[in-house]
Protein chains: 2
Amino acid sequence: MTAAANQSGRRPPTSRRLERAGIRDVAAAAGVSITTVSDALNGKGRLPDETRSRVREVAERLGYRPSAAARTLRTGRSGLIGLTVTTYGEEPFTFTEFAYFAEMARAATSAALGRGYALVVLPASSRHDVWSNVALDGTVVIDPADQDPLVSELYRSGVPVVSDGKPGNCPVTAWVDNDHEAAVLGILDHLSEAGARRIGLLTGTSTDTYTRLSTDAYLGWCERVGQEPVYEAYPAHDPAAGAVAADRLLARPDRPDAVYGLFDPNGTDLLAAARRYGLRVPDDLLLVCCSESDVYAGTEPPITTLSLKPRRIGTTVVNLLIDAIEGVDSGTGLTADAPTAGARLFPPRYRTAGTGPPPGTLMPTELIVRASSLRRSPRTTVSAPRTPGEV
Amino acid sequence: MTAAANQSGRRPPTSRRLERAGIRDVAAAAGVSITTVSDALNGKGRLPDETRSRVREVAERLGYRPSAAARTLRTGRSGLIGLTVTTYGEEPFTFTEFAYFAEMARAATSAALGRGYALVVLPASSRHDVWSNVALDGTVVIDPADQDPLVSELYRSGVPVVSDGKPGNCPVTAWVDNDHEAAVLGILDHLSEAGARRIGLLTGTSTDTYTRLSTDAYLGWCERVGQEPVYEAYPAHDPAAGAVAADRLLARPDRPDAVYGLFDPNGTDLLAAARRYGLRVPDDLLLVCCSESDVYAGTEPPITTLSLKPRRIGTTVVNLLIDAIEGVDSGTGLTADAPTAGARLFPPRYRTAGTGPPPGTLMPTELIVRASSLRRSPRTTVSAPRTPGEV
DNA sequence: TGGACATGGAGAAACGTATCTGCGACGGAT
DNA sequence: ATCCGTCGCAGATACGTTTCTCCATGTCCA
């Protein structure tokens, strides 16, 4: 018994701690090599079913759980996907702030889990402390900044990056976005048809793609139809500022008779402001806002909303990312550095290899028409986007 | 140049791929050993500042990023914390569904990042596929089931587990919860003082701690004051069922003149039902519901809500967990298996070592009194919980 | 009888880091 | 002069997998 104690393979008998069972313990207990154990558990190699099941049984009995760290080190795959949450402003760390992000994150998480990946929530601020401490197979970036240093570094180090929101000037593997321009134009047309003569906009001061594209679309439309732009901008991350801006908009001498609010709380803010000024909705003021919340179905009156369909976006983003991770190994920067011109309409082409601009996918939005934007009797849901490129 | 090519240390010259720079490359470039590089970058060992800064500079120049997987494998620490999201029901994967979870998750994420950890979102269903593929330093469990197999296995395998919600019958390292019993009793008292003669309850059919404790508190109160219980239960994960249950409650022959709803949407549902039956709030019906949403400040009338202060909970849970991870190494199950009796009131004692029941921390709730529960003129916010154990 | 081929499995080399041990040199104290 | 402590660093090992290579058997057919 003294000499035969060193039976656990090559490991010298250095104070066997009673830690978790490793693959070596399973091999020893099953009387096979670790190769056989690995193959048996992973369904690889050429093994008779009998050996396979025996090894599996022993592993089960020993409560064997493979070390994720070792596997990751060996295979280079962690099964983890980063989800960067933008901080609509500076300090405050806000996802789940707007229903859009919450829904989007939820759908993304669900889609990732469905394909065997887990999501790691990481801040968009480039605090390397956390970022470099986690092995990521890829990253989802929500609304990347124009020259996002984080995205650039990730891309440079070979990590696939798929963004929700068309990237401004940073290289990504792929991106997904709504056709915000078409959506805004659709709303403006809708309001015009409902009788609006002067349409105002409640927008944000930040420079993210959503705000920029939407505002530009509004300004372009104004110029085309010859209406003087009437808009107020405020920092979207500050909930109190929204109410103030809504009030300002309706207090102007050139008060609009219809307003589109870009952010989720704008609907209630505008409604409250309208009440303060004695304006009836929709009689004196037509109202539309972009929101995923269903509280606008129950307001008095119900408010027409634009839904960006965050669930579809989240699912698509994650699927594109995992396709990129599992697909072609994306050689040394071959698919980079081209101007972003390749936008296609939903559905996307998966497994996009080769060169060219980062593939972008446009997802349809949905305008949910309610009483606040109708002078007549309310109709039902209608969906609206134009084909892209039509401007 | 032919013989001197093998200068990169012990590695044989097997087709140097131009992958990311490793610690060996840095060592070679700086003309030191990998030991020195590791020590220099991690601030360990005894090195003159000059060597340290030189190594750091070389590492920077080479764009060196340490491999998280290798580090995790070596140190046994991943810097990752699991966040299990309960699926209030069966299939649907729902966090961010209720504002409580969203706020709680946000605070938890923020707290974790602040201490250098990242959160991994994982499903509470015990799909080992994902769970065993990620190295976790610890796990936050939201509202564990009574005999949660997942929690048991995690605990057994030595992973610290801190739960939001007092655990029923599974061992955890620590837990945090509101004093739901005291909160419900406070609300019932509040409604009684406002003139309620028969208080109804809108509750859930699931067996989670929150639902159970709250319902039991209600039933106990009824028995004590001699009121016949009037309640309806529905599956809380089904938003449509809530409206139906609210309607049922107000349609009963023994219709209550005050209702407390345990779930977020109950307020609007009850309000709508009251309208259908021609009941005025608060004149004919007093209303309170548990919610984190501020839409209830803007309803007509504004509805009194109980806030569970999810942000405080999320922060506390994560801090307790990280304390457990970084503190005493929690020997082989010494701190387990005792009946849960050790509940203290906020603030918790950190770094709890030794034996005894899993330390629990009770966080205060806040009753935000609005017009819906006042027969007289509305007062302002009052906070309410009793001291625990008083029953 | 002997090669070709399939079967079942073992050995060992990575993956990239942290850290334990040890070693030469140097300086001050005995 | 010798001894001892400290400084500055290098070597080697271990963390627990996956996987490439290779070997020992049969087995079948020529």
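It should be emphasised that the depicted structure is a prediction, and the values quoted were computed from it without experimental measurement. (Residues numbered from 1 in each chain as written. Chains lettered and ligands numbered in written order. Predicted model: local features only at pLDDT ≥ 70, side-chain atom pairs only at ≥ 80, totals over all residues. Heavy atoms only, no water.)

Caption draft 1: Structural context of the sheet that holds strand β9 (residues 286-290) of chain B. All names here are of chain B. Spatially, the six strands line up as an open sheet ordered β7-β6-β8-β9-β10-β13, and their pairing is mixed. Because the sheet does not close on itself, it has two edges, and the strands there are β7 (230-234) and β13 (366-368). Pairs of neighbouring strands in the sheet enclose a mean axial angle of 15 degrees, with direction left out of account. Taken together, the four bridges between strand β6 (residues 199-204) and strand β8 (residues 258-261) define a ladder with parallel strand orientation. Bridge pairing links L201 to Y260 in β8. Each of β6, β7, β8 and β9 touches helix α9 (residues 209-225); the most contacted strand, β6, lies at about 160 degrees to it. (Pairing = 2+ DSSP bridges. Helix = DSSP H or I, 4+ residues; strand = E, 2+ residues; numbered from the N terminus. Axes fitted to C-alpha atoms, helices over the stretch in contact; angles between N-to-C directions. Contact = heavy atoms within 4.5 Å.)

Caption draft 2: Structural context of the protein's contact with DNA strand C. Close to DNA strand C lie 29 residues; A:T36, A:R46, B:I23, B:Y64 and B:R74 are nearest. Within the side chain of A:R46, an N or O atom sits 2.7 Å from a base nitrogen of DNA strand C. Take B:R71: an N or O atom from its side chain is 3.1 Å from a phosphate oxygen of DNA strand C. When contributions to the surface near DNA strand C are tallied by element, the ones reaching two or more residues are α2 (34-42) and α4 (68-75) of chain A together with α1 (23-30), α2 (34-42) and α4 (68-75) of chain B. (Near = heavy atom within 4 Å. Polar contact = N/O pair within 3.5 Å; in protein donor to acceptor, adjacent residues only side chain to side chain.)

Caption draft 3: Structural detail: the interface of chain A and chain B. Contact with chain A, which involves 40 residues of that partner, is made by 40 residues of chain B. A buried area of about 3,200 Å², summed over both sides, lies between chain A and chain B, and 66% of it is on carbon and sulfur atoms. Here chain A and chain B share two salt bridges between them. Among the salt bridges present, the one from A:R65 reaches B:E153, with a minimum N-O distance of 2.9 Å. (Buried area = accessible area lost by both parts, 1.4 Å probe. Salt bridge = Lys/Arg side-chain N within 4 Å of Asp/Glu carboxyl O.)

Caption draft 4: Quick look at the pattern of salt bridges. All told, the structure shown has 24 salt bridges over all chains when counted by the stated rule. One salt bridge in this structure joins A:E326 and A:R115, with 3.6 Å as the shortest N-O distance. Pair noted here: A:E326 is in helix α12 (residues 310-326) and A:R115 is in the loop between α5 (99-114) and β2 (118-123), with a separation of 211 residues, a long-range link. Taking the relative accessible area as the measure of exposure, A:E326 reaches 40% and is therefore partly exposed. Ionic pairing is found between B:R248 and B:E232, a salt bridge with its closest N-O pair at 2.7 Å. With B:R248 in helix α10 (residues 239-251) and B:E232 in strand β7, the pair connects residues that are 16 residues apart, well separated along the chain. Residue classification places B:E232 among the buried residues on the basis of a relative accessible area of 13%. Members of the salt-bridge network, linked through shared partners, are A:E232, A:R248, A:R252 and A:D254. (Buried < 20%, exposed > 50% of the residue type's maximum accessible area, 1.4 Å probe, protein only.)

Caption draft 5: View of the packing of aromatic side chains. One pass over the full model with this rule turns up seven aromatic pairs over all chains. Where A:Y210 meets A:F263, the ring centres are 6.0 Å apart and the plane angle is 75 degrees; that geometry is what we call edge-to-face. Of this pair, A:Y210 sits in helix α9 (residues 209-225) while A:F263 sits in the loop between β8 (258-261) and α11 (266-276); the two residues are 53 residues apart in sequence, bridging distant segments of the chain. Both residues of the pair, A:Y210 and A:F263, belong to the buried class. A ring pair is formed by B:Y218 and B:Y231, whose centres lie 6.5 Å apart and whose planes are at 80 degrees; its orientation type is edge-to-face. In this pair, B:Y218 is assigned in helix α9 and B:Y231 in strand β7, connecting sequence segments 13 residues apart. On the accessibility criterion, B:Y218 (0% relative accessible area) is buried. Among the aromatic residues, ring-to-ring pairing joins A:Y210, A:Y234 and A:F263 into one connected group. (Phe/Tyr/Trp six-rings, centres within 6.5 Å; stacked < 30°, edge-to-face > 60°.)

Don't take any of this as a statement about function, it's just geometry.
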